Amino acid sequence: MSPSMTPTLAPTGTGYRLTTGLAMMKEISPSIALPNNPDALKGAKTRSGSTPQMLAAEFILYDDAQKLSVRDPTFLERYALAVFYYANGGCSGDWITRTNWMDPVNATNHCGVAGGDGKWHGVFCNLQGRVTEVKMNGNYVTWKLPREFVAFTELSTLEVSDNRMVGELPSEAISMPKLFTLLLNNNDFEGVFPFDVVKQGAASLDTLWIQENSQLSGRVPTSFCSLGSITLDCANFLPQPVYVSPDSSETTFVADCKAEPEGISPREYTCNTEVGVPVEKPADAPVPAPRICGSPAAGT
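Residues numbered from 1 in each chain as written. Predicted model: local features only at pLDDT ≥ 70, side-chain atom pairs only at ≥ 80, totals over all residues. Heavy atoms only, no water.

1. A look at the state of the cysteines
Consideration 1: All chains considered together, the criterion is met by four disulfides.
Consideration 2: A sulfur-sulfur separation of 2.0 Å characterises the disulfide bridge that pairs C91 with C293. For the disulfide bridge between C91 and C293, the dihedral angle about the S-S bond is near -75°, and by the sign convention the bridge is left-handed. Here C293 lies in the segment after β12 (268–272) and C91 lies in the loop between α3 (75–87) and β1 (123–125), a separation of 202 residues in the sequence. Of the two residues examined, C91 and C293, each falls in the buried class. (Disulfide = S-S within 2.5 Å. Helix = DSSP H or I, 4+ residues; strand = E, 2+ residues; numbered from the N terminus. Buried < 20%, exposed > 50% of the residue type's maximum accessible area, 1.4 Å probe, protein only.)

2. Notes on the packing of aromatic side chains
Consideration 1: Taken as a whole and judged by the stated rule, the model has 13 aromatic pairs.
Consideration 2: Ring centres of W95 and W101 lie 4.9 Å apart, and the angle between their planes is 85°; on these two criteria the pair is classed as edge-to-face. Just as W95 is buried, W101 falls in that class too.
Consideration 3: The structure contains a cluster of three or more aromatic residues connected by ring pairs, namely F84, Y85, Y86, W95, W101, W120, F149 and F152. (Phe/Tyr/Trp six-rings, centres within 6.5 Å; stacked < 30°, edge-to-face > 60°.)

3. Concerning the nonpolar core
Consideration 1: Ranked by size, the top nonpolar core spans 78 residues in total, and within it Y79, L158, F193 and F224 carry the most contacts.
Consideration 2: At the level of secondary structure, the elements contributing two or more residues to this core comprise α1 (14–28), α2 (52–63), α3, β2 (131–135), α4 (195–201), β10 (229–233), α5 (252–259) and β12.
Consideration 3: Ranked by the residues each element gives to this core, the list is headed by α3, at 10 residues.
Consideration 4: Beyond its immediate chain neighbours, meaning those up to four positions away, Y79 contacts M25, I28, S29, L34, Q53, A56, A57, I60 and E148. (Core = buried A, V, L, I, M, F, W, Y, C linked by side-chain atoms within 4.5 Å. Contact = heavy atoms within 4.5 Å.)

4. Examining the sheet that holds strand β5 (residues 164–168)
Consideration 1: In space, the five strands of this open sheet follow the order β3-β5-β7-β9-β11, with parallel pairing throughout. The sheet is open, and its two edges are formed by β3 (142–143) and β11 (237–238), each paired on a single side.
Consideration 2: Sheet topology places strand β7 (residues 188–192) next to strand β9 (residues 215–219); three bridges connect them, and they run parallel. The residue of β9 that forms the bridge with G191 is L216. (Pairing = 2+ DSSP bridges.)

5. Observations regarding the packing of α1 against α2
For any two helices packed against each other, the geometry is given by the interaxial angle and the distance between the axes.
Consideration 1: At a minimum axis separation of 11 Å, α1 and α2 run at an interaxial angle of 155°. In terms of their interaxial angle, α1 and α2 are classed as roughly antiparallel. By crossing handedness, the relation of α1 to α2 is classed as right-handed. For the pair α1 and α2, contact is made by R17, L18, G21, L22 and M25 and by A57, I60, L61 and Y62, respectively.
Consideration 2: For the contact of α1 with α2, the class distribution of residues is seven nonpolar, one polar and one charged. (Axes fitted to C-alpha atoms, helices over the stretch in contact; angles between N-to-C directions. Parallel < 35°, antiparallel > 145°, perpendicular 65-115°, else oblique. Left-handed = near helix turned anticlockwise from the far one by under 90°. Nonpolar A, V, L, I, M, F, W, Y, C, P; charged D, E, K, R; others polar.)

6. Describing the environment of I292
Consideration 1: On the secondary structure map, I292 appears in the segment after β12.
Consideration 2: For I292, a relative accessible area of 25% corresponds to the partly exposed category.
Consideration 3: In this structure the C-alpha to C-alpha distance between I292 and T74, which are 218 residues apart in sequence, comes to 26 Å.
Consideration 4: For I292, the residues in contact, after removing those within four places along its chain, are A44, K45, T46, R47, S48, L55, Y86 and C91.

7. Here we look at the pattern of salt bridges
For side chains of opposite charge, pairing can occur when their charged atoms come near one another.
Consideration 1: Summed over all chains, the structure comprises 12 salt bridges.
Consideration 2: For R130, the salt bridge is made with E77, and the minimal N-O distance between the two is 3.0 Å. Taken together, the residues R130 in the loop between β1 and β2 and E77 in helix α3 connect sequence positions 53 residues apart. When sorted by exposure, R130 lands in the same class as E77, which is buried.
Consideration 3: Between E172 and R147 there is a salt bridge whose closest N-O contact spans 3.3 Å. One end of the pair, E172, is in the loop between β5 and β6 (181–183); the other, R147, is in the loop between β3 and β4 (157–159), and 25 residues separate them in sequence.
Consideration 4: Looking at E172, the relative accessible area reads 25%, which means it is partly exposed. (Salt bridge = Lys/Arg side-chain N within 4 Å of Asp/Glu carboxyl O.)

8. Brief notes about the side chain of N187
Consideration 1: The topology assignment puts N187 in the loop between β6 and β7.
Consideration 2: One polar contact links the side chain of N187 to the main-chain carbonyl oxygen of V160, over a distance of 2.9 Å.
Consideration 3: Looking at N187, its side chain comes within polar contact range of the main-chain nitrogen of M165, at 2.9 Å.
Consideration 4: Not counting residues up to four positions away in its chain, the partners in contact with N187 are V160, S161, D162, N163, R164, M165, E212 and N213. (Polar contact = N/O pair within 3.5 Å; in protein donor to acceptor, adjacent residues only side chain to side chain.)

Geometric descriptors of this kind do not, in isolation, establish any biological role.
In structure tokens form, the structure reads like this:
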């Protein structure tokens, strides 16, 4: 379900911003990760039982220097980035580079200003301030891909390869309508890759790299014949996309695509046989001051 980027009600004011903002956040987050009352968010950053979503919501609604209106289409995008920071290693200091992310004193615009000053590392935006690219590959990003990424309705590129991410992939976070490039390789994602949902939502998807995730599997549908580049661990996927012969560079999947009435096949379809090398955090990485970064809600 697409997030309600623009509330329909007309009132404005602090109370409206708090209640409507929290309701919008709850629409894209796990239901048990946020309270029903915005007052319950106050002090989340001092409580050990807070979730990453609670910390992100408190930041956006109460502490953020940007004070975005709930009518601003970037409101939920900034919330999603804040969840990513708290849940996936930015807050805890795991990230190798986190330039400008979530400055507690003077939080900058995540897109930066003219000349790029203040831009958060790995975040790229269009002229309207909408997030179009998230490139955090090789940055020691941990934990699961946040389902809150569904807020990035203008996103064309998501690169989180060569990290330490885990868990099943939330289909809503990788099927945004303008997604063109999706690089998830060399992590520890698991479960069945949601090919059909991704193709239905991200109709323009051109590049998909999901190799070096040893516990990730699935069945590749012929709707993916139209992609420009696909790379996966062939042993884990059906139909078994092996090479048609020992001396051929063509896989059986490509041959099947050519046999379809449309006769379309990917420009590049690669069977990966290599084992991924986990990214390591530099030994001399600075140790951040102790702070509460949140614990995932049970079942999320």
